[in-house]
Amino acid sequence: MSKTTRATLALQQAGVSFTVHSYEYDPNAERIGLQAAEAMGADPSSVLKTLMVLVDNKPACVILPSDQEVNLKKLASALGGKAAQMMKPADAERITGYHVGGISPFGQKKRIPTVLEQASFEHAEVFINGGQRGLQVKLDPRAAASVLDAKVAGVV
């Protein structure tokens, strides 16, 4: 498995300090983020999942703890929209350039509005997908919010 992806390159180019962590990806896991946390021996609230959504039919990205569920009404409101829904997996792959299970908010094909769940800031460092199944980057959530120009909001 390569530890260099578009996500890690984007973080390096932005001068963000991070470490790379690999784990055994389970394609049959019911909840990929929770499986990643368990495989790495990490607190599930510190392992963030990246979800691709549509807010008023426009693509957006939301990053939240793997042990939480997104509240679509709160998410739409955070981005100034009326309604949000989950994006179809094939559309998420086409828009991001990543495969489901390996979607990172970093290094996507184009910048889209991104929301980072405020509870993420309870941790000094969090894990976020590194752009490949079985690969996570560990970094300060403030650095993640900054490099993504993410809106920080309560969306769980």
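Up top is the structure these notes are about.
The rules behind these values
- Residues numbered from 1 in each chain as written.
- Predicted model: local features only at pLDDT ≥ 70, side-chain atom pairs only at ≥ 80, totals over all residues.
- Heavy atoms only, no water.
- Helix = DSSP H or I, 4+ residues; strand = E, 2+ residues; numbered from the N terminus.
- Rg over C-alpha atoms; globule rule 2.2 N^0.38 Å.
- Buried < 20%, exposed > 50% of the residue type's maximum accessible area, 1.4 Å probe, protein only.
- Lys, Arg positive; Asp, Glu negative; His and termini not counted.
- Charge placed at Lys NZ, Arg CZ, Asp CG, Glu CD.
- Pairing = 2+ DSSP bridges.
- Axes fitted to C-alpha atoms, helices over the stretch in contact; angles between N-to-C directions.
- Core = buried A, V, L, I, M, F, W, Y, C linked by side-chain atoms within 4.5 Å.
- Contact = heavy atoms within 4.5 Å.
- Salt bridge = Lys/Arg side-chain N within 4 Å of Asp/Glu carboxyl O.

*Asks:* Is there a simple way to explain the overall build of the chain in this structure?
*Replies:* Along the backbone of the chain there are five helices and eight strands. At 14 Å, the chain has a C-alpha radius of gyration in line with the 15 Å of a compact globule built from 156 residues. With respect to the principal axes defined by its C-alpha atoms, the chain has extents near 40 × 35 × 30 Å. Counting across all 156 residues of the chain, residues that qualify as buried make up 49%. Both charge centroids of the chain, one from 17 positive and one from 15 negative side chains, sit 10 Å from each other.

*Asks:* Just checking my understanding: could you explain the sheet that holds strand E5 (residues 114-117) for this structure?
*Replies:* The strands that make up a sheet pair up through hydrogen bonds in the backbone, lying either parallel or antiparallel. With mixed pairing, five strands are arranged side by side in an open sheet as E4-E2-E3-E5-E8. Each edge of the sheet is formed by a strand with only one pairing partner; in this case those strands are strand E4 (84-86) and strand E8 (151-153). When the angles between neighbouring strand axes are averaged without regard to direction, this sheet yields 35°. Bridge count for strand E2 (residues 48-55) against strand E3 (residues 58-65) is eight bridges, and the pairing is antiparallel. Each bridged residue has a counterpart across the sheet, and for Thr50 the counterpart in E3 is Ile63.

*Asks:* Mind showing me how you'd approach the sheet that holds strand E6 (residues 126-132) here?
*Replies:* Overall, antiparallel pairing links the three strands, which are arranged E1-E7-E6 in an open sheet. For this open sheet the edge positions go to strand E1 (19-22) and E6, each flanked by a neighbour on one side alone. Going across the sheet, the axis of each strand differs from the next one's by a mean of 35°, ignoring polarity.

*Asks:* So what exactly am I meant to see when it comes to the nonpolar core here?
*Replies:* Generally speaking, a soluble globular protein has its nonpolar side chains buried in company with each other. In terms of nonpolar packing, the biggest core is built from 26 residues, with Leu11, Met52, Ile63, Phe106, Ile128, Val137 and Leu139 touching the most fellow members. The set of elements that each furnish at least two residues to this core consists of helix H1 (6-13), E2, E3, helix H4 (89-96), E6, strand E7 (135-139) and helix H5 (141-148). Top contributing element to this core by residue count: H5, with four residues. Excluding residues within four positions of it along the chain, Ile63 makes contact with Leu48, Lys49, Thr50, Pro105, Thr114, Val115, Leu116, Glu117, Ile128 and Leu148. Listed in part, the 14 residues of the second largest apolar core include Val53, Val62, Val70 and Val115.

*Asks:* Explain the pattern of salt bridges to me, please; I cannot follow it from the model alone.
*Replies:* Pairing between side chains of opposite charge can happen when the charged atoms of each approach one another. Counted according to the given criterion, the structure contains five salt bridges. Salt-bridge contacts for Lys49 lead to Glu69; the nearest nitrogen and oxygen are separated by 3.8 Å. Of this pair, Lys49 sits in strand E2 while Glu69 sits in the loop between E3 and helix H3 (72-78), and the two are 20 residues apart along the sequence. Each member of the salt-bridge network shares a partner with another, and the members are Arg31, Lys49 and Glu69.

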